[in-house]
Amino acid sequence: MKLFDVYPLYNVTPVSAKGIEVTDDKGSTYLDFYGGHAVISIGHSHPHYVNRLKNQLDKIGFYSNSIQNPLQHKLAEKLGELSQCEDYNLFMCNSGAEANENALKLASFHTGKSKVIAFKNGFHGRTSAAVATTDNPSINAPINQQQKVTFLELNNFEAFQSAIQSDDHCAVIIETIQGIGGLDEPTTEFIQFVAEKSKEKGIVLIADEIQCGFGRSGKFFAFQHHNIQPDIISMAKGMGNGFPVGGILIHESFKASYGLLGTTFGGNHLACAATLAVLEVLENENLIPNADELGNYFKEKTAEIPQVKRVKGRGLMLGLEFDFEVGELRKSLIFNQRLFTGGAKNKHLLRVLPALNITKEHIDLFFEALKVELQ
């Protein structure tokens, strides 16, 4: 049997990793400034994370959601405390796509409506409704295209005001910082306008924090830069530091009922242990302030690179925009400089998504490598 060939692969085979360093099967070490799509939030093989998972596995790794799992309650309490979202309830699942799928489903249940407003260049996942709200026709099969989605330009007040006049939308879904699309952001004025108008019309506001949440932007959630309160917050990526975890925070104004949402693997014992470990490391090592500080340092360092036309993003969710496509630059950084970075739908953008416990010295190494490859 062969693998279904859907991924273009670099010829690198990692076999171990620690902190920001990844080692391949030939013994070469790479600096990881991409974290597997922003998944590695507290560094590879963080000792607290590894110990928590090992200890949990020695006790119980999984049972279904038909029994009591105190770890879920402990996680909800810790998550509410650190995020300052105590007036939300937690539902756990397994991925970002599943988180957004449940958020959209819940919005439709809540309003009795089915149409969704999403934004161009957004990415919300590859499952049914989530992929329909993703602005990429090439990954939307005919079965997904049955969903009713209105795509708008980000930061277009008039278009949003016009769209909500139809009175048939259940939800607005928005990335507070776009990931794959290229790190574009709603302005504070726009996202506050969206929040206000959505509330007036009874439309559920979903903040997609899959990639920008849990401290990556320099705040626990990126929407907290804008002083709004979403109805539902979707989470995944760095939530489990590599363990497949997703979830949604649902405002307590939503009424739960048995069978409304469900999952087999979501919220299992290992998933809870992984997420608790991430939260504990974020808190104990002050990694959210570190992300904010190092994001500013990174932006200062870009002044040394005249080829950079624009710096995008916040905290340690960053992009360097050039006047050329960066595909070959990414390859040369991997194979010449042993350094991983990311791309985007914007082919001129080099994405930088390292673990939140990197140092200024790591950033200096990044820019030294970049200078060499841009000579």
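Our structure is the block above this text.
One numbering rule holds for all chains: residues counted from 1, following each sequence as written. It should be noted that, the model being predicted, local features are given only for residues of pLDDT at least 70 and side-chain atom pairs only at 80 or more, the latter also being counted only at that level, while totals for whole chains, interfaces and linings use all residues. Side-chain numbers here rest on the full set of heavy atoms in the structure, without hydrogens or water.

A. Focus on the pairing of strand β9 (residues 232-235). Each residue's exposure class comes from its accessible area (1.4 Å probe, protein chains only) as a fraction of the maximum for that residue type: buried when under 20%, exposed when over 50%, partly exposed otherwise. In this text, helices come from DSSP runs of H or I with a minimum length of four residues, and strands from runs of E with a minimum of two, each type numbered from the N-terminal end. A two-sided burial pattern is seen for β9, the buried positions comprising Ile232 and Ser234 on one face and Ile233 and Met235 on the other. Strand pairing is assigned whenever DSSP identifies at least 2 bridges connecting the two strands. In this sheet, β9 lies alongside strand β8 (residues 204-208) in parallel orientation, the contact comprising three bridges. Across the sheet, residue Ile206 finds its bridge partner in β9, namely Ile232. Pairing geometry for β9 and strand β10 (residues 246-251), over four bridges, is antiparallel. Each residue of the ladder has a partner; that of Ile232, found in β10, is Ile250.

B. Fine view of the sheet that holds β9. Strand order in this open sheet of seven strands is β4-β10-β9-β8-β7-β5-β6, and the pairing throughout is mixed. Since the sheet does not close on itself, it has two edges, and those belong to β4 (88-93) and β6 (149-152), each with one partner. This sheet shows a mean twist of 20° between the axes of neighbouring strands, independent of strand direction. Note that strand β5 (residues 115-119) and strand β7 (residues 169-175) share three bridges and pair parallel. Under this scheme, a helix contributes an axis fitted over its contacting stretch, all axes are lines through C-alpha atoms, and angles between N-to-C directions fall in the 0 to 180 degree range.

C. Layout of unusual backbone geometry. The phi angle at Asn155 is positive, at roughly 70°, despite the residue not being glycine. Inspection of the secondary structure assignment puts Asn155 in the loop between β6 and α6 (157-163). Take Asn155: its relative accessible area is 28%, and that puts it in the partly exposed class. Positive phi values are uncommon outside glycine, yet Asn227 reaches one of about 55°. Within the secondary structure, Asn227 sits in the loop between β8 and β9.

D. Broad picture of the nonpolar core. Ranked by size, the top nonpolar core spans 76 residues in total, and within it Phe119, Phe160, Phe214, Phe221, Leu350, Phe366 and Leu370 carry the most contacts. Residues count as neighbours in contact if any of their non-hydrogen atoms are within 4.5 Å of one another. For Phe366, the contacting residues outside a window of four places in its chain are Phe33, Phe298, Leu320, Leu339, Thr341, Leu350 and Val352. Of all hydrophobic cores here, the second largest spans 23 residues; its members include Ile210, Ile232, Ala236 and Ile250. To form a nonpolar core, buried Ala, Val, Leu, Ile, Met, Phe, Trp, Tyr and Cys residues must be joined to one another through side-chain atoms within 4.5 Å.

E. Focus on the packing of helix α9 (residues 287-301) against helix α11 (residues 360-374). Between α9 and α11, the least distance of the axes is 10 Å, while the angle of their chain directions is 30°. The pairing of α9 with α11 is recorded here as roughly parallel in orientation. Once α9 is placed against α11, the crossing between them reads as right-handed. Packed against α9, whose contacting residues are Glu293, Leu294, Tyr297, Phe298 and Lys301, the element α11 presents Lys360, Ile363, Asp364, Phe366 and Phe367 at the interface. Put simply, Ala, Val, Leu, Ile, Met, Phe, Trp, Tyr, Cys and Pro go in the nonpolar bin, Asp, Glu, Lys and Arg in the charged bin, and everything else, Gly too, in the polar bin. The residue inventory of the contact of α9 with α11, partitioned by class, reads six nonpolar, no polar and four charged. Reported orientations rely on four angle classes, namely roughly parallel under 35 degrees, roughly antiparallel over 145, roughly perpendicular from 65 to 115, and oblique for the rest. Crossings are assigned a handedness: left-handed for a near helix turned anticlockwise from the far helix by less than a right angle, right-handed for a clockwise turn.

F. Layout of the sheet that holds strand β3 (residues 29-32). Here four strands make up an open sheet; going across it, the order is β1-β2-β3-β13 and the pairing mixed. Two strands in the sheet have a free side with no partner beyond their single neighbour: β1 (14-18) and β13 (339-340). Alignment of β1 against strand β2 (residues 21-24), held across four bridges, turns out to be antiparallel. Of the residues in β2, the one forming a bridge with Ala17 is Val22.

G. Quick look at the pattern of salt bridges. Salt-bridge detection follows one rule: a side-chain nitrogen of Lys or Arg within 4 Å of a carboxyl oxygen of Asp or Glu. In total, this model carries 16 salt bridges according to the counting rule given. With its nearest N and O atoms 3.6 Å apart, the salt bridge here joins Asp167 to Lys201. Placement of Asp167 in the loop between α6 and β7 and of Lys201 in helix α7 (residues 188-201) is noted, with a sequence separation of 34 residues between them. Overall, the relative accessible area of 43% leaves Asp167 in the partly exposed class. The partner of Lys331 in a salt bridge is Glu328, and the shortest N-O contact between them spans 3.6 Å. Highlighted residues: Lys331 and Glu328, both in helix α10 (residues 327-335), separated by three residues, approximately one helical turn. A residue is classified by how much of its surface remains accessible, and Lys331, at 38% relative accessible area, is partly exposed.

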